[in-house]
Amino acid sequence: MSIIEIKEAVENQLQIDLNSRLRDRRHADARALYYRLSKDLTTSTLYVIGKEVDRDHSSVLHGLNNIFRHVDQNLYKKMKSDLYGIYSSAFQ
């Protein structure tokens, strides 16, 4: 699983551009979802995760620590399960 695949999955699910410079709740929550999924499903650093969406590591850290709590947890669990299922089935 790569951060690019996670980014595409979040963008497709939410119909949003994660590279957008907008800072409204919808975009911030979508980026926080991408940050958490990337952190949970890859070994990528905060720098690499942020670079993919034109943010720095401190923005990723802020999203994980402060914004992620506003994200729909059911959506997070569903996407994590779906992405992990795709990832694990590739090795079977």
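As the structure is a computational prediction, the values presented were derived from the model and not from experiment.

A. Summary view of the overall build of the chain. In terms of helices and strands, the chain carries 5 helices and 0 strands. The C-alpha radius of gyration computed for the chain amounts to 12 Å, which stays within 12% of the reference 12 Å derived for 92 residues, consistent with globular compactness. Along the first, second and third principal axes, the C-alpha set of the chain runs to 40 × 25 × 20 Å. Per-residue burial for the chain yields a buried fraction of 41% across its 92 residues. Considering only residue pairs separated by 6 or more positions, the chain has 64% of its internal contacts joining residues 24 or more positions apart. Split by element, the accessible area of the chain, about 5,600 Å² in all, is 50% carbon and sulfur. The averaged location of the 12 negative side-chain charges in the chain is 6 Å from the averaged location of its 14 positive side-chain charges.

B. Summary view of helix 1 (residues 3–14). Taking 1.5 Å per residue, 12 residues should reach 16 Å; helix 1 reaches 16 Å between its end C-alpha atoms and fits that length. Buried within helix 1 we find Ile 3, Ile 6, Lys 7, Val 10 and Glu 11. End-on, the buried residues of helix 1 take up no more than an arc of 130 degrees, which puts them together on one face. Where helix 1 ends, the next residue or the one after it, Gln 15, has phi of about 50 degrees, a positive value.

C. Up close: the layout of surface pockets. Of the volumes computed, that of the largest pocket is approximately 270 Å³. Surrounding the largest pocket, Arg 21, Arg 23, Ala 28, Arg 31, Ala 32, Tyr 35, Arg 55, Ser 59, His 62, Gly 63 and Ile 67 form its lining. Listing elements by their share of the lining of the largest pocket, those giving two or more residues are helix 2 (25–41) and helix 4 (57–67). Of the residues contributing to the lining of the largest pocket, the split by class is 4 nonpolar, 3 polar and 4 charged.

D. Region of interest: unusual backbone geometry. The backbone of Gln 15 shows a phi angle near 50 degrees, a positive value even though the residue is not glycine. In this structure, Asp 54 is a non-glycine residue whose phi angle is positive, near 60 degrees. With respect to the helices and strands, Asp 54 occurs in the loop between helix 3 (46–51) and helix 4.

Here is what the cut-offs are and how they apply
- Residues numbered from 1 in each chain as written.
- Predicted model: local features only at pLDDT ≥ 70, side-chain atom pairs only at ≥ 80, totals over all residues.
- Heavy atoms only, no water.
- Helix = DSSP H or I, 4+ residues; strand = E, 2+ residues; numbered from the N terminus.
- Rg over C-alpha atoms; globule rule 2.2 N^0.38 Å.
- Buried < 20%, exposed > 50% of the residue type's maximum accessible area, 1.4 Å probe, protein only.
- Contact = heavy atoms within 4.5 Å.
- Areas by Shrake-Rupley, 256 points an atom, 1.4 Å probe, with all protein chains shown as cover.
- Lys, Arg positive; Asp, Glu negative; His and termini not counted.
- Charge placed at Lys NZ, Arg CZ, Asp CG, Glu CD.
- Expected span 1.5 Å × (residues − 1).
- Arc of directions from axis to C-beta.
- 1 Å grid on protein atoms, 1.4 Å probe; cavity = no way out; pocket = protein on both sides within 12 Å on 5 of 7 lines; lining within 4 Å.
- Points joined across faces, edges and corners; volume = space filled by probe spheres on them.
- Nonpolar A, V, L, I, M, F, W, Y, C, P; charged D, E, K, R; others polar.

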